[in-house]
Amino acid sequence: MRRIDLFATLAFGLFTVLLAIDQIKADDAWDATNFALDVFEKAMLALAVVATAYIALETRGMKRERIDLLNDLSRVRSESDRWRSAARVHVEGLGRAISEQFKLWKLSDGEADIAMLMLKGLTQKEIAHLRGSEDGTVRQQAAAVYRKSGLSNRSELGAFFLEDLLSPNPGAATQTSQKLELVRTLGRDQDSR
């Protein structure tokens, strides 16, 4: 039985009991108007009592759920902080390596900023909004990044930096790099035709 059905049954039961007690205690003669008013009064009283109990239970459930969510959030934050702390040296090294590659590609500061934001997964529209610039400016700088790097798109840009990091084993990283280079070469050959 659902909780709401249970409370509706309780409300009806309480209403019936209150009405029966009131009728037993009544000394005056039966009057339809007074009876209707008594029924209404008892129904409102029963509804108020049961609604209050229902709301109290729901509130307690929401408080429990909120506590569980806060505990989960705290756990996730703790795990995230632990991961960041453990990976800090590697992440900082990767950041330096990415910056060095941007310098080798001779990206301007603006182009390097655009490239980094694209690597973080932001869209060109989001980058424009974040930097307070026009969409067209971001598009032009992204095109310059692709031209200077010799890469075709955002996927290739991300793969350039991440493909070896995400391989399951070191030998597979080299094979994956070779396969990706072959795919890129084939793609460029078809584009030039």
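Residues numbered from 1 in each chain as written. Predicted model: local features only at pLDDT ≥ 70, side-chain atom pairs only at ≥ 80, totals over all residues. Heavy atoms only, no water.

Draft legend 1. Looking closely at the overall build of the chain. Helix and strand counts for the chain come out as seven helices and zero strands. Listing the helices and strands of the chain from first to last along the sequence gives α-α-α-α-α-α-α. The proportion of buried residues among the 193 residues of the chain is 21%. Sequence separation of 24 or more characterises 55% of the internal contacts of the chain that already satisfy a separation of 6 or more. (Helix = DSSP H or I, 4+ residues; strand = E, 2+ residues; numbered from the N terminus. Buried < 20%, exposed > 50% of the residue type's maximum accessible area, 1.4 Å probe, protein only. Contact = heavy atoms within 4.5 Å.)

Draft legend 2. Representation of the side chain of Q101 within the structure. As for its position among the elements, Q101 is in helix 2 (residues 32–104). The class for Q101 is buried, based on a relative accessible area of 18%. With residues near it in sequence (within four places) discarded, Q101 still touches F160 and F161.

Draft legend 3. The packing of helix 4 (residues 124–131) against helix 5 (residues 135–149), seen in detail. Between helix 4 and helix 5, whose axes approach to 8 Å, the crossing angle comes to 115 degrees. Where helix 4 crosses over helix 5, the two elements pack in a sense that is right-handed. Across the interface between the two elements, Q124, K125, I127, A128 and R131 of helix 4 pack against D135, V138, R139, Q141 and A142 of helix 5. (Axes fitted to C-alpha atoms, helices over the stretch in contact; angles between N-to-C directions. Left-handed = near helix turned anticlockwise from the far one by under 90°.)

Draft legend 4. Focus on the packing of aromatic side chains. If you walk through the whole model with that rule in mind, you get five aromatic pairs. Centre to centre, the rings of F102 and F161 are 5.8 Å apart; their planes meet at 90 degrees, and the pair counts as edge-to-face. Taken together, the residues span a long stretch of sequence, with F102 in helix 2 and F161 in helix 6 (residues 154–162) at a distance of 59 residues. Given the relative accessible area of 3%, F102 is considered buried. On the basis of an interplanar angle of 75 degrees and a centroid distance of 5.0 Å, the ring pair of F160 and F161 is categorised as edge-to-face. Judged by relative accessible area, which is 11%, F161 ranks as buried. (Phe/Tyr/Trp six-rings, centres within 6.5 Å; stacked < 30°, edge-to-face > 60°.)

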